[in-house]
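Survey of secondary and tertiary structure
As a plain string of letters, each chain reads:
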Amino acid sequence: MKILVINAGSSSLKYQLIDMETEQLMAKGLCERIGIDGHLKHSPLVGGKPVFDEDISLPTHSEAIAAVIEKLTSAEYGVVASMKEIDAVGHRVVHGGEKFASSVLINDEVMAALEECTPFAPLHNPANITGINACKAVMGDVPMVAVFDTAFHQTMPGKAFMYAIPYEYYKNDGIRRYGFHGTSHRYVSSRCAELMGKPIEELKIISCHMGNGSSIAAINGGKCVDTSMGFTPLVGLPMGTRCGDLDNGVVQFLMNKYGYSIDEMLNILNKKSGVLGVSGVSSDFRDLDKAADEGNERAALALDMFHYWVAKVAGSYVAAMNGVDAIVFTAGVGENSKSTRAAICEYFGYLGVKVDEAANSKRGEDVMISTPDSPVKVFVIPTNEELVIARDTRDIVG
Ligand code: AMP
């Protein structure tokens, strides 16, 4: 069975074709600047075919999907003989609200429910829906599955997902903590259990997804019991450009003082804050590391804040779960920055965590970075959201 995994953004579309017999990645690529001018980078990964990397006209997502299918099946760049070899499509969908606690086969009823979730993710869900419709238009009735960023977090108990505001906002409007990065937290926590050789049902795991956006999840017995992102991905840790937790009074103060509209204010909190805002240098941790090494105090402060917040939130999850067996780092920063991991692990001294420096220097593989005598194990596990989407699609369609 061959599965096409699609992650559609408002002007971009990422894809992977995965052979599920072997879970081998056959091709991957990215359409960019959809609706502007258009660019496609397509990389075949089997058969020794060349990479296609050119500007092409992509007025809408339908042309993007058509271009992807054309490349996947072409004599020069293709990895399958025809579209018929693609058995199913798995779509990443950002927000499933309370309607979706797991992945689902897409039909008209599901499409209507996705539309109903759109107010919760007004930038992301419409793009995901557009991607699904474009696939339908180009690929006909190939079965399609929606896999949600929020679904894994639906096991959180009320005490973790409720906000302490009048109850009717939850009941009438769905205002609550939803959490994001669920597919990543699910993948790395189950991989962590495999690496520990124990059933996930017996483990308490704290998963730290640290990329441009960052979130932490507390996973008790395989079920998410708390997570740091909330109603939107804006809260929790300070991130590349998002502010993380912030006193709402600051919003009112700044809007009054500078006459910002709510859109201007949210743009500052989403795009100009986080480690970028504090450092004034960059949202990229590589730039921050370099600047801090060169003596830039604000870059050092931004990094210190990030480490502190990861440790603080993770520590609260040790309390929430009454213990922890393993801590996992993943995503761009978690997988690549050994200095970030080492600095965060310093805070875990009270758990007896000791870092093995040689293991912490490895990259690109699953690795335990704690010493063998460390009572709490610490892992780096490269995330693979596309594989989870493909597996769910296979399980549902198969
Ligand atoms: P992601 O959102 O998971 O793709 O992560 C992207 C982020 O990972 C970038 O913005 C960088 O901050 C970070 N990153 C990638 N490579 C490195 C590295 N070698 N060292 C530190 N941070 C890195």
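The text that follows walks through the structure, step by step, so that each part is easy to find. (Residues numbered from 1 in each chain as written. Predicted model: local features only at pLDDT ≥ 70, side-chain atom pairs only at ≥ 80, totals over all residues. Heavy atoms only, no water.)

In the structure shown here, the tally under the stated rule is 10 aromatic pairs. Stacked on the ring of Phe52, the Lys or Arg Lys71 has its end atom at 4.3 Å from the ring centre. When the ring centre of Phe161 is taken as origin, the NZ or CZ atom of Arg176, which lies over that ring, is 3.7 Å away. (Phe/Tyr/Trp six-rings, centres within 6.5 Å; stacked < 30°, edge-to-face > 60°. Lys NZ or Arg CZ within 6 Å of the ring centre and 35° of its normal.)

Viewed as axis vectors pointing N to C, helix H1 (residues 61-73) and helix H3 (residues 125-139) meet at an angle of 55°, and their least axial separation amounts to 8 Å. Relative to H3, the element H1 is oriented oblique. The crossing of H1 and H3 is right-handed. Across the interface between the two elements, His61, Ser62, Ile65, Ala66 and Ile69 from H1 touch Thr130, Gly131, Ala134, Cys135, Ala137, Val138 and Met139 from H3. Of the residues belonging to the contact of H1 with H3, the class tally is 8 nonpolar, 4 polar and no charged. (Axes fitted to C-alpha atoms, helices over the stretch in contact; angles between N-to-C directions. Helix = DSSP H or I, 4+ residues; strand = E, 2+ residues; numbered from the N terminus. Parallel < 35°, antiparallel > 145°, perpendicular 65-115°, else oblique. Left-handed = near helix turned anticlockwise from the far one by under 90°. Contact = heavy atoms within 4.5 Å. Nonpolar A, V, L, I, M, F, W, Y, C, P; charged D, E, K, R; others polar.)

Such a bond, covalent and formed between the sulfur atoms of two cysteines, is termed a disulfide. Tallying each qualifying case throughout the model produces 0 disulfides. A disulfide-free cysteine, Cys117 has its sulfur positioned 18 Å from the sulfur of Cys224, the nearest such atom. Free cysteine: Cys224, not disulfide-bonded; nearest cysteine sulfur from Cys208 at 13 Å. Given the relative accessible area of 0%, Cys224 is considered buried. (Disulfide = S-S within 2.5 Å. Buried < 20%, exposed > 50% of the residue type's maximum accessible area, 1.4 Å probe, protein only.)

This part covers the pattern of salt bridges. Scanning the entire structure with this criterion turns up 16 salt bridges. In this structure, Lys290 engages Glu294 in a salt bridge whose closest nitrogen and oxygen atoms are separated by 3.4 Å. Summarising the burial analysis for this pair, Lys290 and Glu294 share the class exposed. If you follow the salt bridges from partner to partner, you end up with Glu23, Arg391, Arg394 and Asp395 in one network. (Salt bridge = Lys/Arg side-chain N within 4 Å of Asp/Glu carboxyl O.)

Strand pairing in a sheet relies on backbone hydrogen bonds. The paired strands run either parallel or antiparallel. The strand order S11-S10-S9-S12-S14-S13 describes an open sheet built from 6 strands, whose pairing is mixed. Two strands close off the open sheet at either side, each with one partner strand: strand S11 (223-227) and strand S13 (367-368). Here 7 bridges tie strand S9 (residues 204-210) to strand S10 (residues 214-220), and the two strands are oriented antiparallel to one another. When the bridges of S10 are listed, Cys208 appears paired with Ile216. (Pairing = 2+ DSSP bridges.)

Time to look at the environment of Tyr170. By secondary structure assignment, the location of Tyr170 is in helix H5 (residues 167-173). Residue classification places Tyr170 among the buried residues on the basis of a relative accessible area of 17%. The sequence separation of Tyr170 and Leu17 amounts to 153 residues, and the corresponding C-alpha distance is 39 Å. In this structure Tyr170 touches Glu98, Phe161, Met162, Ile175 and Arg176, once residues within four positions along its chain are discounted.

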